[in-house]
Protein chains: 2
Amino acid sequence: MSDLIIWTYDWVPEGPRGFVRDLRLRWACEEAGLAYAVKTLPFDARGPEHLARQPFGQVPLLSDGQLDLFESGAGLLHLARKSEMLMPRDASGEAQALQWTIAALNSIEMVTVPWWFLEITGAKENCLTGWMQSRLTHIERTLQGRDWLAGGRFTVADLLMADVLRVPKVRAFGDRPATEAYIARITDRPAFKQAHAAQMAHFAAADAARA
Amino acid sequence: MSDLIIWTYDWVPEGPRGFVRDLRLRWACEEAGLAYAVKTLPFDARGPEHLARQPFGQVPLLSDGQLDLFESGAGLLHLARKSEMLMPRDASGEAQALQWTIAALNSIEMVTVPWWFLEITGAKENCLTGWMQSRLTHIERTLQGRDWLAGGRFTVADLLMADVLRVPKVRAFGDRPATEAYIARITDRPAFKQAHAAQMAHFAAADAARA
């Protein structure tokens, strides 16, 4: 039996399927060959017990034996310690993977998620578009010069950055061929496909159970 | 001579002084008693050399001997490995500090920074206010129950969360007494005061040099 448990919702509407962030942790475990189980929290009733474990009422949680971690970024960095596949062990490769993991969370997603939110809530003019353009242009320039963000190989930073950039509205924003090739290459990995299919099957089974 | 170098701008306008993110790294070094030097990059001319070291044209950078890291969050986690003062060494305390550090970057700052941006650019109705309200309410509830975010003591997660929450417009948003007490307590630490004063003096000296 595995000590790693990834907690996700028991069900979500169709919209977010394939993008619920438990996928990041499933994907990392698949890349690293780490055994894990998936358990669920109720989507409909996010009460005090949920908030006690995840203070923003979200998923995923990662349990590792007695430890419980929220924040998918924290879960990824925790898993990365278990496998050189996710995080190089030399000081330079490790520093690069760390900085690009944080960049995905705090320089890219800090702009793309609110931009996406303004898009779907139908703001007439999306005030964050200039900022988004600037950040994505910097990423495009970076990816024109290399296939991977850190250490000359796939790392957890690529997993996270590709997951941030593959959101359909973000992916469709502008003409950014190096970024598009990067997303396509990384989401073509068997571990991504396995994690994605497993998440889709998980929520489809929940539909069947509800019907 | 110290191997740690914190890179910031040679000058910035008055507005961001006291909030430029080199302060986070100065503060962490002060808390941990780590020796460091401060060096500068030109604020006015952010050209290819700057972008080669910091792909978004920002500061800070942290140099540690041969290593160069961008992203203040990555710099903090790198420094946290050097000192138990910043990050507990037991598995539970470490996991808690990691998750709350990432929460500051990806659950709080991902909302507060775009919200602040919409405020200062004068959006008639700030569409992110409901989201901001929700996240800050969750933080207030968390801080009603404890003095520190992780491991029952000050950690790098408090340093970062307090720095995120002390932004004046964010700090003034709503009536959140536990959060206000938290910010006041943490920014009353000698290491914060020292780092803040040093940043203010750095930019004041730059004014004098320009005059």
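Residues numbered from 1 in each chain as written. Chains lettered and ligands numbered in written order. Predicted model: local features only at pLDDT ≥ 70, side-chain atom pairs only at ≥ 80, totals over all residues.

Brief notes about the overall build of chain A
- Regarding its fold elements, chain A presents 9 helices and 4 strands.
- When its helices and strands are written in sequence order, chain A yields β-α-β-α-β-β-α-α-α-α-α-α-α.
- A compact globule built from 211 residues should have a C-alpha radius of gyration of about 17 Å, and chain A, at 17 Å, falls within 12% of that.
- Projected onto its principal axes, the C-alpha coordinates of chain A cover approximately 50 × 45 × 30 Å.
- Counting all 211 residues of chain A, 43% fall into the buried class.
- A fraction of 72% describes how many contacts in chain A between residues 6 or more apart in sequence connect residues 24 or more apart. (Helix = DSSP H or I, 4+ residues; strand = E, 2+ residues; numbered from the N terminus. Rg over C-alpha atoms; globule rule 2.2 N^0.38 Å. Buried ≥ 20, exposed ≤ 12 C-beta atoms within 10 Å, placed from the backbone. Contact = placed C-beta atoms within 7 Å.)

What to know about the domain arrangement of chain A
Residue and element names in this part refer to chain A.
- What the domain assignment lists for chain A is domain 1 (4-84 + 191-204) and domain 2 (91-190).
- Once you take the C-alpha centre of each, domain 1 and domain 2 turn out to be 21 Å apart.
- At the interface, 13 residues of domain 1 touch 11 residues of domain 2.
- Tallied by class, the residues present in the side of domain 1 that touches domain 2 amount to 8 nonpolar, 2 polar and 3 charged. (Domains from an automatic or database assignment. Nonpolar A, V, L, I, M, F, W, Y, C, P; charged D, E, K, R; others polar.)

Re the interface of chain A and chain B
- With 32 residues of chain A in contact, the opposing surface of chain B contributes 32 residues.
- Broken down by secondary-structure element, the contributors of at least two residues to the side of chain A that touches chain B are strand S4 (67-70), helix H3 (72-80), helix H4 (91-120) and helix H5 (129-144) of chain A.
- When the residues that make up the side of chain A that touches chain B are grouped by side-chain class, the tally is 20 nonpolar, 9 polar and 3 charged.

Some details on the packing of H5 of chain A against helix H8 (residues 177-187) of chain A
Residues and elements named next belong to chain A.
- Contact pair H5 / H8: the axes reach a minimum separation of 8 Å and the direction vectors enclose 70°. Comparing the axis directions of H5 and H8 gives the class roughly perpendicular. Across the interface between the two elements, Ile139, Glu140, Leu143 and Gln144 of H5 pack against Ala178, Thr179 and Tyr182 of H8.
- For the contact of H5 with H8, the per-class residue count stands at 4 nonpolar, 2 polar and 1 charged. (Axes fitted to C-alpha atoms, helices over the stretch in contact; angles between N-to-C directions. Parallel < 35°, antiparallel > 145°, perpendicular 65-115°, else oblique.)

Some details on the sheet that holds strand S3 (residues 61-64) of chain A
Residues and elements named next belong to chain A.
- Spatial ordering of the open sheet is given by S2-S1-S3-S4, a layout of 4 strands whose pairing is mixed. Pairing within the sheet leaves two strands with one partner each, and these edge strands are strand S2 (37-41) and S4. With direction set aside, neighbouring strand axes in the sheet form an average angle of 25°.
- As paired elements, strand S1 (residues 4-9) and S2 share 5 bridges and run parallel to each other. By the bridge assignment for S2, isoleucine 6 is matched with valine 38.
- Where H3 meets the sheet, it contacts S3 and S4, and its direction lies at approximately 130° from that of S4. (Pairing = 2+ DSSP bridges.)

Some points on unusual backbone geometry
All names here are of chain A.
- Along the chain, valine 59 connects to proline 60 via a cis peptide bond; the corresponding omega equals 5°.
- Looking at the element boundaries, proline 60 is found in the loop between helix H2 (48-53) and S3.
- For glutamate 71, which is not glycine, the phi dihedral falls at a positive 75°.
- Position of glutamate 71 relative to the elements: it lies in the loop between S4 and H3.
- A tally of 27 C-beta atoms within 10 Å means that glutamate 71 is categorised as buried.

Focus: the environment of tyrosine 182 of chain B
Residue and element names in this part refer to chain B.
- Structurally, tyrosine 182 can be placed in helix H8 (residues 177-187).
- Classification of tyrosine 182 as buried rests on a count of 25 C-beta atoms within 10 Å.
- Placed 20 residues apart in sequence, tyrosine 182 and alanine 162 show a C-alpha to C-alpha distance of 7.4 Å.
- The residues contacting tyrosine 182, other than those within four sequence positions of it, are Leu143 and Ala162.

A look at H3 of chain A
- Within H3 of chain A, 9 of the 9 residues are buried, which leaves it mostly tucked inside the rest of the structure.
- Along its buried surface, H3 of chain A packs onto helix H1 (22-32), S3, S4, H4 and helix H6 (156-165) of chain A together with helix H4 (91-120) of chain B.

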